[in-house]
Amino acid sequence: MKKIILIVLAIVIGVVGFQAGQFMALRSPTETPVVEEKKMADPRITAAWEMMMGTWSSEDDRNFQREYRDDSTFTDAYGTTEGETKTDGQWSLFTADNADEMMFQLNNDDVYVKQVEEAGTFYFRIVSVTPEILELVNLDKGNTLRFGKMTTGNEMQDGEETLSASFRCDDDSSFVAEFPSSMEEVKISSEGEENVFGKVDSENGKKYENDSWTFFFRGEEATVTDRSNDSTKTCTPPIVEGVAPMNFGD
């Protein structure tokens, strides 16, 4: 009887051991499932990405447009009287925490743009971005690029566009300033007279003058100086609901 019991126990142990071996084989290290750690997206990058998508027109040169697309591609387009040239590339956003190795000093609070194209890789710091305005600083050159969002249906300028802005001054006088797309001169119309003023060097803003007058455009204001008596007045564009005035930068 004892022999029968021992034989049965041996069979049971063998079956259990075989099943355990099969189970362990199924759980071999080579087939162990890997659980990927999901990291939350930086909310600063998410917000900037959503606002940057679309087509932007340069406020310094309206012939220049840049389009950021959701598939991480971008296109720079420049229109002239001879035609339009385009540059395509890849774009991405990053912060100081996940930046490439670079020589630039990065601010922990800022979001940056990386653009890769045939000519090389370029980096920009986002100074400001809203659904309507984008301001970038080129980390390599240090210059500022300012853009306004284009609405659906706008086309590239033909190189001969004239930008016009009206101003009313603190002495109740007024004038209209007309700029060619190059911004190298300005035509001032006031009280039935028109005069063209050439651009002169300025550390900021846009400055134009002749022997008698100086017009200095900065931000959304203009400062007009009568050089004959060194008197100055400040002029601002009228407030028109739904229409943003021109911004000439800092």
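Before reading further, recall that the structure is shown in the block above.
Analysis parameters
- Residues numbered from 1 in each chain as written.
- Predicted model: local features only at pLDDT ≥ 70, side-chain atom pairs only at ≥ 80, totals over all residues.
- Heavy atoms only, no water.
- Buried < 20%, exposed > 50% of the residue type's maximum accessible area, 1.4 Å probe, protein only.
- Helix = DSSP H or I, 4+ residues; strand = E, 2+ residues; numbered from the N terminus.
- Arc of directions from axis to C-beta.
- Disulfide = S-S within 2.5 Å.
- Pairing = 2+ DSSP bridges.
- Polar contact = N/O pair within 3.5 Å; in protein donor to acceptor, adjacent residues only side chain to side chain.
- Contact = heavy atoms within 4.5 Å.
- Salt bridge = Lys/Arg side-chain N within 4 Å of Asp/Glu carboxyl O.

**Examining helix H2 (residues 43–52)**
Okay, so step 1: Among all positions in H2, only Ile45, Ala48, Trp49 and Met52 are buried. Down the axis of H2, the buried set is contained in an arc of 105 degrees. They therefore lie on one face. Counted as exposed and oriented over 90 degrees from the buried face of H2: Pro43 and Glu50.
Okay, so step 2: Where H2 ends, the next residue or the one after it, Gly54, has phi of about 130 degrees, a positive value.

**Section: the state of the cysteines**
Okay, so step 1: Throughout the structure, instances matching the rule amount to one disulfide.
Okay, so step 2: The disulfide partner of Cys169 is Cys235, and the gap between their sulfur atoms is 2.0 Å. Residues Cys169 and Cys235 are joined by a disulfide whose S-S torsion is about 95 degrees; by sign, that bridge is right-handed. Of this pair, Cys169 sits in strand S9 (residues 162–169) while Cys235 is found in strand S16 (residues 231–236), placing the two residues 66 residues apart along the sequence.
Okay, so step 3: According to the relative accessible area criterion, Cys235 is buried, its value standing at 0%.

**Some details on the pairing of strand S6 (residues 120–129)**
Okay, so step 1: As judged from the six bridges shared by strand S5 (residues 112–117) and S6, these two strands associate in the antiparallel manner. When the sheet's bridge partners are listed, Val116 is paired in S6 with Thr121.
Okay, so step 2: Hairpin connection of S5 to S6: two residues between the antiparallel strands.
Okay, so step 3: The pairing of S6 with strand S7 (residues 133–138) spans five bridges and is classified as antiparallel. Looking at the pairing, Phe124 lines up with Asn138 of S7.
Okay, so step 4: The turn joining S6 and S7, which pair antiparallel and follow one another in sequence, is formed by three residues.

**Overview of the pairing of strand S13 (residues 206–209)**
Okay, so step 1: Of the two faces of S13, only the one carrying Lys206 and Tyr208 is buried; Lys207 and Glu209 on the other face are not.
Okay, so step 2: Two elements, S13 and strand S14 (residues 213–218), share four bridges in a ladder whose sense is antiparallel. Bridging across to S14, Lys206 finds its partner in Phe217.
Okay, so step 3: The antiparallel hairpin formed by S13 and S14 contains three residues in its connecting segment.

**So, the side chain of Thr73**
Okay, so step 1: Position of Thr73 among the secondary structure elements: in strand S3 (residues 73–80).
Okay, so step 2: There is a polar contact of 2.9 Å between the side chain of Thr73 and the side chain of Arg69.
Okay, so step 3: Among the polar contacts listed, one links the side chain of Thr73 to the side chain of Asp71, at a separation of 2.6 Å.
Okay, so step 4: Discounting residues that sit within four places of it in the chain, Thr73 has contacts with Glu67, Tyr68, Gly89, Gln90 and Trp91.

**So, the pattern of salt bridges**
Okay, so step 1: Taken as a whole and judged by the stated rule, the model has 11 salt bridges.
Okay, so step 2: Of the charged contacts, one joins Lys233 and Asp171 as a salt bridge, the two residues approaching to 3.4 Å between their closest N and O atoms. One end of the pair, Lys233, is in strand S16; the other, Asp171, is in the loop between S9 and strand S10 (174–180), with 62 residues separating them in the sequence.
Okay, so step 3: Overall, Asp171 belongs to the partly exposed group, its relative accessible area being 44%.
Okay, so step 4: A salt bridge links Lys187 to Glu194, with the nearest nitrogen and oxygen atoms 3.8 Å apart.
Okay, so step 5: For Lys187, a relative accessible area of 27% gives the class partly exposed.
Okay, so step 6: Judged by relative accessible area, which is 54%, Glu194 ranks as exposed.
Okay, so step 7: Ionic contacts of the salt-bridge type, sharing partners, join the residues Glu178, Lys187 and Glu194 into one network.

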